[in-house]
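Structure assessment
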There are 2 protein chains.
Amino acid sequence: MPRREAAFLFDLDGTLVDSVYQHVLAWTDALDAEGIELSVWRIHRKVGMSGGLFMNQLLRETGITDIGQERLDRLRRLHDEAYLRHAARVRPLPGARALLAHLTNAGIPWAIATSGRMVTASANLAALGVDPAQYPVVTRDQVKYAKPDPDLFIAGAERLGKEIEDCVVVGDAIWDMLAARRARALGVGLMSGGYGVDELERAGAARVYEDPADLLRHLDEVGGRR
Amino acid sequence: MPRREAAFLFDLDGTLVDSVYQHVLAWTDALDAEGIELSVWRIHRKVGMSGGLFMNQLLRETGITDIGQERLDRLRRLHDEAYLRHAARVRPLPGARALLAHLTNAGIPWAIATSGRMVTASANLAALGVDPAQYPVVTRDQVKYAKPDPDLFIAGAERLGKEIEDCVVVGDAIWDMLAARRARALGVGLMSGGYGVDELERAGAARVYEDPADLLRHLDEVGGRR
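All residue numbers here refer to positions counted from 1 along the written sequence of the relevant chain. Working convention: letters from A go to chains and numbers from 1 go to ligands, in the order in which they are written. Under the rules for a predicted model, residues below a pLDDT of 70 receive no local features and side-chain atom pairs below 80 are neither given nor counted, while totals for whole chains, interfaces and linings still include all residues. As a rule here, side-chain values come from all non-hydrogen atoms in the structure, and water together with hydrogens is ignored.

Scanning chain A from N- to C-terminus turns up 10 helices and six strands. Against the globule reference of 17 Å for 226 residues, chain A gives a C-alpha radius of gyration of 17 Å, in line with a compact fold. C-alpha atoms of chain A, sized along the principal axes, occupy 55 × 30 × 30 Å. Total accessible area on chain A is roughly 9,300 Å²; 48% of this is exposed by carbon and sulfur atoms. In this charge count, Lys and Arg are treated as positive and Asp and Glu as negative; neither His nor the chain ends contribute. Here the site of a charge means NZ on Lys, CZ on Arg, CG on Asp, or CD on Glu. Side-chain charges of chain A comprise 28 positive and 32 negative groups, with the mean position of each set lying 2 Å from the other. Comment: elements are numbered from the N terminus, with helices defined as DSSP H or I runs of at least four residues and strands as E runs of at least two. For the radius of gyration, the atoms used are the C-alpha atoms, and the globule rule reads 2.2 Å times the number of residues raised to 0.38. What sets the accessible areas is the Shrake-Rupley method with a 1.4 Å probe; for residues, cover comes only from the shown protein chains.

Moving on, we get to helix α6 (residues 118–128) of chain A. Residue and element names in this part refer to chain A. Type-normalised accessible area, obtained with a 1.4 Å probe on protein chains alone, sets the label of each residue: buried when under 20%, exposed when over 50%, and partly exposed for intermediate values. Turning to α6, its buried residues are T120, A121, N124, L125 and L128. Each buried residue of α6 sits inside an arc of 135° when the element is viewed along its axis, so together they form one side. Residue contacts are counted whenever heavy atoms from the two residues lie within 4.5 Å of one another. Buried positions along α6 lie against α1 (20–33), α4 (69–86), α5 (96–106), β2 (110–113) and β3 (137–138). G129 sits one or two residues past α6 and shows a positive phi near 75°. Arc definition: directions from the helix axis to the C-beta atoms.

On to the nonpolar core. For the purposes of this section, nonpolar cores are sets of buried Ala, Val, Leu, Ile, Met, Phe, Trp, Tyr and Cys residues that join through side-chain atoms within 4.5 Å. Y21, I43 and F54 of chain A together with Y21, I43 and F54 of chain B are the most contacted members of the largest nonpolar core, which has 60 residues in total. If we skip the residues at most four places from it in the chain, I43 of chain B touches V24, W27, T28, L31, L38, F54 and L58 of chain B.

Residue and element names in this part refer to chain A. By definition, two strands form a pair when at least two bridges between them are found by DSSP. Read across the open sheet, the six strands follow the order β3-β2-β1-β4-β5-β6; overall the sheet is parallel. Looking at the sheet topology across the chains shown, the edges are occupied by β3 and β6 (207–209). The sheet contacts of helix α7 (residues 151–160) involve β1 (7–10), β2, β3 and β4 (167–171), and relative to β1 the element is tilted by about 140°. Angles here are taken between N-to-C directions and fall from 0 to 180 degrees, while the axes themselves are lines fitted to C-alpha atoms, restricted in helices to the stretch in contact.

Moving on, we get to the side chain of D80 of chain B. Residue and element names in this part refer to chain B. In this structure, D80 sits in helix α4 (residues 69–86). For the buried D80, no salt bridge is present, and the opposite-charge side chain at shortest range is R76, 6.0 Å distant. Within the structure, D80 has its side chain in polar contact with the side chain of H79 (distance 2.9 Å). Beyond its immediate sequence surroundings of up to four residues, D80 is in contact with V119 and T120. A side-chain nitrogen of Lys or Arg and a carboxyl oxygen of Asp or Glu constitute a salt bridge if their distance falls within 4 Å. Polar contact is the term for a pair of N or O atoms within 3.5 Å; when the atoms are in protein, one must be able to donate a hydrogen and the other to accept it, and sequence-neighboring residues count only if both atoms are side-chain atoms.

Attention now moves to the packing of α4 of chain B against helix α6 (residues 118–128) of chain B. A pair of packed helices can be characterised by two numbers: the angle between their axes and the separation between those axes. All names here are of chain B. Packing of α4 against α6 brings their axes to within 10 Å, and their N-to-C directions diverge by 15°. The orientation of α4 relative to α6 falls into the category roughly parallel. Note that α4 runs across α6; the crossing there is left-handed. Seen from α4, the contacting residues are D80, Y83 and L84; seen from α6, they are V119, T120 and N124. Throughout this entry, Asp, Glu, Lys and Arg are counted as charged residues, while Ala, Val, Leu, Ile, Met, Phe, Trp, Tyr, Cys and Pro are counted as nonpolar. The remaining residues, Gly among them, count as polar. Grouping the amino acids of the contact of α4 with α6 by side-chain chemistry returns three nonpolar, two polar and one charged. When describing relative orientation, an angle under 35 degrees is termed roughly parallel and one over 145 degrees roughly antiparallel, while 65 to 115 degrees is termed roughly perpendicular and anything else oblique. We call a crossing left-handed when the near helix sits turned anticlockwise from the far one by less than a right angle, and right-handed when that turn is clockwise.

Opposite the 29 residues of chain A that make contact, chain B presents 29 residues. Here chain A packs against chain B, burying approximately 2,500 Å² in sum over the two surfaces, 48% of which is carbon and sulfur. Buried area, as used here, totals the accessible surface that two parts lose on assembly, with accessibility defined by a 1.4 Å probe and the loss added over both. It is Y21, W41 and R91 of chain A in chain A that bury the most area against chain B; as a group they hold 29% of the surface buried on that side. Where chain A packs against chain B, one counts 12 salt bridges.

Right, let's get into the confidence of the model for chain A. Taken residue by residue, chain A gives an average pLDDT of 91. The fraction at 70 or more is 99%. Scoring of the predicted complex yields 0.91 for pTM and 0.90 for ipTM. Confidence per residue, as judged by the predictor, is encoded in pLDDT with a range of 0 to 100.

Moving on, we come to the relation of the copies chain A and chain B. For the pair chain A and chain B, the superposition axis carries a translation of 0.0 Å, the fit reaches an RMSD of 0.0 Å, and the rotation angle comes to 180°. Taken together, these values place the two copies in the relation of a two-fold axis. When C-alpha positions in chain A are compared against the rotation axis, the closest is assigned to G196 of chain A, at 2.8 Å. When you check the interface residues of chain A against chain B, 100% turn up at the interface there too, and the contact is symmetric in its surfaces. A least-squares superposition brings the copies together, and it is based on the C-alpha atoms of residues with pLDDT no lower than 70 in both.

Residue and element names in this part refer to chain A. Within the fold, G171 resides in strand β4. Linking G171 and H23, residues 148 residues apart in sequence, is a C-alpha distance of 16 Å. Beyond its immediate chain neighbours, meaning those up to four positions away, G171 contacts D11, T15, D176, M177, V188, G189 and L190.

This is how it looks when you write it as structure tokens:
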């Protein structure tokens, strides 16, 4: 039986770029503008999941039963506008560029799979120096269901010509870890989105590292060896 | 031996008002303006501790060895200015007003003890409807060392005429829990500042609740009974 070599599928926000807190406050701005009061930490715990599910869960917590598609679209637009006001300040996380360069140089396939749409992801990809015309990037626009459904990561594996069971999913949110488990990929958590270690481990992370730089130092633990 | 009745000492940011994420991005703004790059989640994990210790720890993580008092003062001023730009949007956390009203009505003494200075705390106290002329509020300005040193909570207990060993310290940060332990108070953690349950428990929280509303529902678990 041939040795099956790992490929890496990366979440974007909080995993490769330092943008989670800006997303959190952008959602806070959007909900405020619509008169929906929700504690900021509850928003933080939902960031990274599908926008639709995110809204459903937030609305459940606020007790609003029916919000309507028009208002949902307005909330998303308000978020995107607020986020893009902050986006100039968004930077790659420490080690993110070095990690991707290392994988590329070692011939280890990698792709990015994000619950965000290209309208907000493109600023982050630019900060990261990843041209989506040159590297495989799957966004929310390309799949029916986003995280914690596994569709984004499965689409990423397909873009690489790999089985999802051979892939390592790297993310900062429990939704990444849950999607990884549902797809039978190996989940690896990063603390750089602000979740705690136990939250990531309980969501199924096989290992948890601080940020991309820390993952790069321990890459051989999770299959990044050639 | 007479029954010793509990008093409550509250942290402010993230415990009674929903202001942690605004503080985090205000520190991010200040550090950016000084050309100091630090991941946002690392700032989040330090918020709530003494400003001086906070700076020392951040600088240790960025590898800067000597920053100088002038630059420290400038960073603090930049933070305060950035925070006050966001402060209009800061709201009490769910249940915060009801919890304080319940304690007052039940004759259970309470005080607020914050690592912040009055310049930023006053906006939060106004949002909370607490007049520092009427209720005991201890700020950074009044003690030599802030959290995780226990001085703020000890000063709060003194203001109430209570022994610190009879006090329940309620906070959202591991620095509140550590200060509580150092003073032999009973630490109670709230998740509303964005820390995870295990981080608070490992820092010594006897119980962890979601937010002030959740604490109010379980108040008899930690001594809030008369």
